[in-house]
There are 2 protein chains.
Amino acid sequence: MLRTNTCGELTRNDLGKEVTLCGWVQKSRDLGGTTFIDVRDRYGITQLVFNDETDAAVRNQARDLGREFVIKVSGKVIERSNKNPKIPTGEIEIAVTALEILNQSKVPPFLIEDETDGGEELRAKYRYLDLRRNPIRNNLVLRHKMAQEVRKYLDGLDFIEVETPVLIKSTPEGARDFVVPSRMNAGEFYALPQSPQTFKQLLMVSGFDRYFQIVKCFRDEDLRADRQPEFTQIDCEMSFITQEDILNVFEGMVRTLFKNVKGIDLVEVPRMTYADAMRLYGSDKPDTRFGMQFAELTDLVKGKNFPVFHQAELVVGINAKNCASYTRKQLDELTYFIKRPQIGATGLIYLRYNTDGTLKSSVDKFYNEEDLKQWATAFDAEPGDLMLLLAGKKDKVRKQLNELRLEMGSRLGLRDKNTFSPLWVLDFPLLEWDEETERYHAMHHPFTSPKPEDIALLETDPGEVRANAYDMVINGTEIGGGSIRIHDKNLQALMFKHLGFSQEEAQKQFGFLMDAFEFGAPPHGGIAFGFDRLCSIFAGLDSIRDVIAFPKNNSGRDVMIDSPSTIDEKQLNELKIKTTA
Amino acid sequence: MLRTNTCGELTRNDLGKEVTLCGWVQKSRDLGGTTFIDVRDRYGITQLVFNDETDAAVRNQARDLGREFVIKVSGKVIERSNKNPKIPTGEIEIAVTALEILNQSKVPPFLIEDETDGGEELRAKYRYLDLRRNPIRNNLVLRHKMAQEVRKYLDGLDFIEVETPVLIKSTPEGARDFVVPSRMNAGEFYALPQSPQTFKQLLMVSGFDRYFQIVKCFRDEDLRADRQPEFTQIDCEMSFITQEDILNVFEGMVRTLFKNVKGIDLVEVPRMTYADAMRLYGSDKPDTRFGMQFAELTDLVKGKNFPVFHQAELVVGINAKNCASYTRKQLDELTYFIKRPQIGATGLIYLRYNTDGTLKSSVDKFYNEEDLKQWATAFDAEPGDLMLLLAGKKDKVRKQLNELRLEMGSRLGLRDKNTFSPLWVLDFPLLEWDEETERYHAMHHPFTSPKPEDIALLETDPGEVRANAYDMVINGTEIGGGSIRIHDKNLQALMFKHLGFSQEEAQKQFGFLMDAFEFGAPPHGGIAFGFDRLCSIFAGLDSIRDVIAFPKNNSGRDVMIDSPSTIDEKQLNELKIKTTA
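Residues numbered from 1 in each chain as written. Chains lettered and ligands numbered in written order. Predicted model: local features only at pLDDT ≥ 70, side-chain atom pairs only at ≥ 80, totals over all residues. Heavy atoms only, no water.

**Remarks on the overall build of chain A**
- Helices and strands together make up the secondary structure of chain A, namely 17 helices and 23 strands.
- Considering only C-alpha atoms, chain A reaches an extent of 90 × 75 × 50 Å along its principal axes.
- When the 581 residues of chain A are sorted by exposure, 57% land in the buried category.
- Summed over its atoms, the accessible surface of chain A is roughly 24400 Å², and 46% of this surface lies on carbon and sulfur atoms.
- Of the charged side chains in chain A, 76 are positive and 89 negative; the average position of the first set lies 4 Å away from that of the second. (Helix = DSSP H or I, 4+ residues; strand = E, 2+ residues; numbered from the N terminus. Buried < 20%, exposed > 50% of the residue type's maximum accessible area, 1.4 Å probe, protein only. Areas by Shrake-Rupley, 256 points an atom, 1.4 Å probe, with all protein chains shown as cover. Lys, Arg positive; Asp, Glu negative; His and termini not counted. Charge placed at Lys NZ, Arg CZ, Asp CG, Glu CD.)

**A closer look at the interface of chain A and chain B**
- With 127 residues of chain A in contact, the opposing surface of chain B contributes 129 residues.
- A buried area of about 11100 Å², summed over both sides, lies between chain A and chain B, and 59% of it is on carbon and sulfur atoms.
- Arg-557 of chain A is the salt-bridge partner of Glu-188 of chain B, the closest N and O atoms lying 2.7 Å from each other.
- On the surface where chain A and chain B come into contact, there are 78 residue pairs in polar contact (both at pLDDT 80 or more).
- Per element, the largest residue contribution to the side of chain A that touches chain B is 8 residues, and it comes from helix H4 (residues 134–156) of chain A.
- Counted by class, the side of chain A that touches chain B contains 65 nonpolar, 28 polar and 34 charged residues.
- Here strand S23 (residues 577–579) of chain A runs beside strand S23 (residues 577–579) of chain B; their pairing, made up of 3 bridges, is antiparallel. Along S23 of chain B, the bridge assignment pairs Thr-579 of chain A with Ile-577 of chain B. (Contact = heavy atoms within 4.5 Å. Buried area = accessible area lost by both parts, 1.4 Å probe. Salt bridge = Lys/Arg side-chain N within 4 Å of Asp/Glu carboxyl O. Polar contact = N/O pair within 3.5 Å; in protein donor to acceptor, adjacent residues only side chain to side chain. Nonpolar A, V, L, I, M, F, W, Y, C, P; charged D, E, K, R; others polar. Pairing = 2+ DSSP bridges.)

**Quick word on the packing of aromatic side chains**
All names here are of chain A.
- Applying the stated rule across the entire model yields 46 aromatic pairs over all chains.
- Here a set of aromatic residues connected by ring pairs shows up, and it is made of Phe-306, Phe-309, Phe-366, Tyr-367 and Trp-375.
- In this structure, Arg-405 is placed above the aromatic ring of Phe-290, and the distance from its NZ or CZ to the ring centre is 3.9 Å. (Phe/Tyr/Trp six-rings, centres within 6.5 Å; stacked < 30°, edge-to-face > 60°. Lys NZ or Arg CZ within 6 Å of the ring centre and 35° of its normal.)

**Quick notes on the UniProt feature "binding site: L-aspartate" (unreviewed entry) in chain A**
Residue and element names in this part refer to chain A.
- Under the feature "binding site: L-aspartate" (unreviewed entry), the UniProt entry names Glu-173, Arg-219, His-444 and Arg-485.
- Other than its neighbours up to four places away in sequence, Arg-485 contacts Gln-197, Lys-200, Gln-201, Glu-237, His-444, His-445, Phe-447, Ser-449, His-524, Gly-525, Gly-526 and Ile-527.
- Among the polar contacts made by the side chain of Arg-485, one reaches the side chain of Ser-483 at a distance of 2.7 Å. (UniProt positions renumbered as here; feature names shortened; annotations may be inferred.)

**Concerning the environment of Glu-100 of chain B**
Residue and element names in this part refer to chain B.
- Mapped onto the elements, Glu-100 comes out in strand S5 (residues 92–103).
- Residue classification places Glu-100 among the partly exposed positions, given a relative accessible area of 41%.
- Excluding its chain neighbours within four sequence positions, the residues that come into contact with Glu-100 are Val-70, Ile-71 and Lys-72.

**Focus: the pattern of salt bridges**
- For the structure shown, the criterion picks out 107 salt bridges over all chains.
- The residue Lys-393 of chain B makes a salt bridge to Glu-313 of chain B at a minimum N-O spacing of 3.9 Å. Note that Lys-393 of chain B is positioned in the loop between strand S16 (386–392) and helix H12 (394–411) and Glu-313 of chain B in the loop between helix H9 (307–310) and strand S13 (314–320), a separation of 80 residues in sequence.
- Overall, the relative accessible area of 59% leaves Lys-393 of chain B in the exposed class.
- The class for Glu-313 of chain B is partly exposed, based on a relative accessible area of 44%.
- Across the pair Glu-333 of chain B and Arg-411 of chain B runs a salt bridge whose closest N-O atoms are separated by 3.0 Å. In this pair, Glu-333 of chain B is assigned in helix H10 (residues 328–339) and Arg-411 of chain B in helix H12, connecting sequence segments 78 residues apart.
- Residue Glu-333 of chain B is classed as partly exposed on the basis of its relative accessible area, which comes to 31%.
- When salt bridges with common partners are traced through the structure, they connect Arg-123, Arg-127, Asp-130, Arg-133 and Asp-546 of chain A into a single cluster.

In structure tokens:
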């Protein structure tokens, strides 16, 4: 090795040692004829000192070093007069006897420090320099650790990691597939997998029993904030199990990650049905770091001449503890917030429970003190609380109130990034109605098993059928989801019928998997975790972008390498394709 | 779980226990009113017994079971009368009290046993059934173990696994790139990486210091026997190191794999220069499981009126120990072998050293006893040996003799799949002459560092410049290769000049990497191992296909899912491309 030590490990214990370090010049300063240089590598920072006792030629070399020059220095570890208790090497410095410039550097376009002056676009273009900064590098180190821990945990439970193919087949409904023209089979295309779903089910048919894979998946869709065209899943499947087994195994995985990566002992993960999550939080991924559950007042508020409430399918609200003192302006902000087009509520009703015990609402002309007392009771409110109510169509108003609840949680500082509140959401609906095509679609995918006790409802009330499907949610973000699959071909045929597939269509789209199921498919089920998202939650980040070494921007572009790009005519000809753009 | 135990774990120690197993019916036989069924899962096989003591309904159920039915059985572990010492569960059987058919199976198209009657094509179509067979499943279990061990080893040495992007950029010379049309950026294309070379070098620029990744790579080329369009690499890069450090770290990795996966203590890996490998074996990936090194007789055989030898640039041969007794027919076979068009030798000269001490060659009319004695000495031959000689242009004749040597090794049983002979081949040429374009090409890639002492030769004798490049070879197969990279921009510019790149071309093709190198690139180097190939060697297989769960055939097709395939007009329109096939 060119070095004897890294820049992060020398301490008092090494005093007097002759060492050689390599790294980048972080900063350099002259103080009364002495030059101090901080040299940085992946492991830390060490201070170098050049003073009267240093060879003159070496001192001159040192003075010419620029930021981000790559250097190799040899010298003796000595005690530092001006100690820095913030870093592990803060008690020592190196009295340099030899310095070699391994490479020069142009002045970087932004500061390579924890807090940088570089804008997002500039840092994206010079991603390789942004990756030098501690916060970004630490995210990738964290990601590495998490992947190692996942593999250790699953390997310990006899799971086998199997690589499934990346060049697969486009499906007729694969509207979001990336496709890959084949040169050897001109006119034909591979597709990149949106998930290895089919292959992991085939592996269960093959008897693999416990499969996992940390695997890249691809989706060519408009990139809403914080999606990437390529993303990574922890993809898992098990045979001869029940839903309970899957919940236990993967709750164990998440708990192990928290314990081994963050040193956090997670409580047992609570469970909630989809129906309850919608009723109590208006969301299938509630942020349970804070309470503020919904209270429904529909019956209570009817018949009092307030038409908005009287006609509403649902009147529902939240109790913001200790917010009775909210000003008119603050209430107006909240009203403005929920009336924004992306939320679309028509109005906000409030009820203050003043600290003096009086009640004051925005609908005082319709409701008397006694009515409002009943509301407060329904909200379990105490003096000092502020109740916020919305009314309207059930599904819509729940979604709106969910947004308001999250906003209030943020305003009240109840959404701390260092608090982790995981939750299993269970019993998702099997089907969801699609207004556009006017038919039911599988909410998860067409192989998801209905709950046995609900199968009869498929004929009479398909929207009410619950699935053996589950999501894991942390802090209001879905980090994983899966289901028990259908392994019985008669039930599968029934499902296809209700999804409006003809025998022929089903065969065309899912043919080889259906064929495989004829040869002894075991009962099986699985789950997939969004690994990027999981890492970002562990890193306390809002975006997945900084847990990805080389992410793409919102237009799906890698601005560092300038991709995608046009390709040669010759290449197009060989592939026998033409662009019509 | 649906089961209490797997089918591979019950032994005498479990006698009397009530257990529940799940698995596939491997086979079933009736012996004098008793029905025996072997039930199989990933972990093993357990015998079930149904006899007079079994409930009549359960016995009837058992009689109706077909091969590959999926069943769940409960019963008591009892001692077996007819023990099978070959399997861990061979001393027990299950007296079944309850049987549930979890799924039926059609009769599989081939036998699901270690030796199957299915042809290659049929098994490829029903790959999910072929994967049920022990030998195939064991390969994938081995692959999983190897990946785990690689990660453990590298993680232990502070390497970080970083995922690099799959959707990257096509390069002007990327003739073998798979490309991916972008919907969001119509008319533009991503490319799939042939390797993460650029990104791992950028990670070094970023200071990551020790990077690895087990990663899918892609190459769209005519698939010679045993290549796959998608393949897996163990990709690695280190900073602040010398070639010696890389050799040590990765020799350690391979030794650890052999030790922990196969229980084999490998000797220290010998090292050989490229020049010696070519001289002694005629190959840069010699199979060193056996000796039979080349002996050069060029000077010794000149001037004796045998024009073939007299005019030859090189006369070179091997000594096949104890083969003096080879018959005329055997010698004719060897002659035929080396004259085949793919080898293309013009003739084979032999010299027998008979056990009685006499010498007999196919060129006796040109060489006397004394001449032949000298040959035998040059070959270090003993009575009983057979020497085989070829003559011609140096490079060509060495390649031919390499083929003959390997053939003789096979004939003599010297290439045992359970013997492992690794080798480092060092000091590869930096450049190779390309007849077609009449210019030098980088043998490895244009960032490969020349040996410092050879840099001056770049001007005078470019073909003689050696690189800091190395391959690891096991049993005649290259399993890994890499190099120390150029990190100095002046040397890089010199390289591009000698490769015939204009400044502009170099910038266009390697622009952002060259830009990155301006900001303080550390000295670095790396290596990549072909993981499929490494697994196949560990599994003792000739082909990589059976260490891949879902491989493609020689036409790049996955016959199971029937991919690649045509795609919808609608999809093509959205991508703004047309096929012209």
